[in-house]
Amino acid sequence: QRQMEVYERDFHDQYLRGEVKEPPCACLSFPRCMAVQPARGTLDTVRAAELNVTRLLCDYLCPCLPLLVTDVFEVWPLLRNISLSFLKEEWGWKNGITRGRHTNPYLSVQENRTEVSVSDMVTYVQDKGKRKVEGRYSHFNLRDEKDYKVLRPLFVDRPSYLPEPSWLTIGPAQSGNVIHDDGPENSGFFCVSEGAKGFVLYPQVDFWKVCESALRVKTYETVFPDEDAPRSFNYTTSRRCLDVQHPREEQLDRYPDAMDATEFKVIVPAGQCLLFPGGYIHGLWNEDDSVGVNILVDYNEFIRYEQRQL
């Protein structure tokens, strides 16, 4: 909270000094994105070299629409270096945190997170004989801010519209992660640097069509542009949603309204990034042994970051 207060104050000071521009379009802020149905159910594809801050803000981030960015290696060549072999050779001795209860080969049922070396994590993925696909998918964070700095030289040439990545994702082929959310306030990019990952996204307004009864309900109230009265709506999460490994038409006995949900489903190969706005629930799986970086940012902070780039 203190960090956000400092961030807000700095942003306000920059705004007063004329260092921050308003976007040239109406922008839905959090939590409004969670209360709107996407204007379309198709996923746009844009080459990284053709995307700029204004287009990202006005065509996708502000109207709460996902986007697939292609040919990222052309504008971010150092992203190629984030590979299994490179990680093991350069940073194998570094320890990091791996997490994911019930979905992680390093964790017992009682554990939520544990420490493991980069070398051990990569070895597990590459060892076809010993690895267990049912171990599923693992986020992997370097242990602390000091350790994470070893990655920063690979981020210096990223496009200006991409905030700095938050963590690595490493996993063997056919592992995956169930449909979940990363917190309603969060938005971001998944960038794949090696292999390929599949993703499926659903807007929060379609939660009840693809998930079972809520584990947690949080009520928000917000005033929309050009409206006087605030709208009230719920944000919900669940332990059980559609299985990302199977088509939704095969799961209608459990989720009879699943076909009515707005679904964005895509395979993201190396050199591409997927944008998802705040409030989207999502699941993913590894088509191949894969490495990627996640850029996860508070939704309103993401918009302010882009305003700074203007």
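Residues numbered from 1 in each chain as written. Predicted model: local features only at pLDDT ≥ 70, side-chain atom pairs only at ≥ 80, totals over all residues. Heavy atoms only, no water.

Enquirer: Quick question: what am I supposed to make of the nonpolar core here?
Expert: A general trend in soluble globular proteins is that nonpolar side chains are found buried together. Counting 48 residues, the largest nonpolar core has Val 69, Ile 82, Leu 87 and Phe 189 as its most contacted members. If we skip the residues at most four places from it in the chain, Leu 87 touches Ile 82, Gly 92, Val 118, Val 122, Leu 168, Ile 170 and Val 291. (Core = buried A, V, L, I, M, F, W, Y, C linked by side-chain atoms within 4.5 Å. Buried < 20%, exposed > 50% of the residue type's maximum accessible area, 1.4 Å probe, protein only. Contact = heavy atoms within 4.5 Å.)

Enquirer: What should I look at first to understand the state of the cysteines in this one?
Expert: Put plainly, two cysteines are in a disulfide when a covalent bond ties their sulfur atoms together. Per the stated rule, a full pass over the model turns up 2 disulfides. Each sulfur in the disulfide pair Cys 191 and Cys 273 lies 2.2 Å from the other. Taking the torsion about the sulfur-sulfur bond, which here is approximately 110°, the covalent link between Cys 191 and Cys 273 counts as right-handed. Within this pair, whereas Cys 191 is found in strand S8 (residues 186-194), its partner Cys 273 is found in strand S13 (residues 272-276), the two being separated by 82 residues in sequence. Given the relative accessible area of 1%, Cys 273 is considered buried. (Disulfide = S-S within 2.5 Å. Helix = DSSP H or I, 4+ residues; strand = E, 2+ residues; numbered from the N terminus.)

Enquirer: Help me understand empty space enclosed by the protein, please; the structure alone is not making it clear to me.
Expert: Any empty space left between atoms is shown by rolling a water-sized probe over those atoms. The final tally for this structure, using the stated rule, is 2 cavities of 30 Å³ or more. Roughly 70 Å³ of internal volume is contained in the largest cavity. A breakdown of the residues in the lining of the largest cavity according to their chemical character gives 6 nonpolar, 2 polar and 4 charged. Of the volumes computed, that of the second largest cavity is approximately 30 Å³. Of the residues in the lining of the second largest cavity, the class split is 2 nonpolar, 4 polar and 2 charged. (1 Å grid on protein atoms, 1.4 Å probe; cavity = no way out; pocket = protein on both sides within 12 Å on 5 of 7 lines; lining within 4 Å. Points joined across faces, edges and corners; volume = space filled by probe spheres on them. Nonpolar A, V, L, I, M, F, W, Y, C, P; charged D, E, K, R; others polar.)

Enquirer: Explanation requested: the packing of helix H4 (residues 84-91) against helix H5 (residues 118-126) in the structure shown.
Expert: Two quantities define a packed helix pair, namely the angle between the axes and the distance from one axis to the other. The N-to-C vectors of H4 and H5 enclose an angle of 150°; their axes lie 9 Å apart at closest approach. The orientation of H4 relative to H5 falls into the category roughly antiparallel. Relative to H5, the crossing made by H4 is left-handed. For the pair formed by H4 and H5, the contact residues are Leu 84, Ser 85, Leu 87, Lys 88 and Trp 91 on the first element and Val 118, Ser 119, Val 122, Thr 123, Val 125 and Gln 126 on the second. Looking at the contact of H4 with H5 residue by residue, the class counts come to 6 nonpolar, 4 polar and 1 charged. (Axes fitted to C-alpha atoms, helices over the stretch in contact; angles between N-to-C directions. Parallel < 35°, antiparallel > 145°, perpendicular 65-115°, else oblique. Left-handed = near helix turned anticlockwise from the far one by under 90°.)

Enquirer: Sorry if this is basic, but what is going on with the environment of Phe 199 here?
Expert: Examined against the element boundaries, Phe 199 turns out to sit in strand S9 (residues 196-202). Along the sequence, Phe 199 and Val 268 sit 69 residues apart, while their C-alpha atoms lie 7.5 Å from each other. Filtering out sequence-adjacent residues up to four positions away, Phe 199 remains in contact with Phe 190, Phe 264, Lys 265, Val 266, Val 268, Leu 274, Gly 283, Leu 284 and Trp 285.

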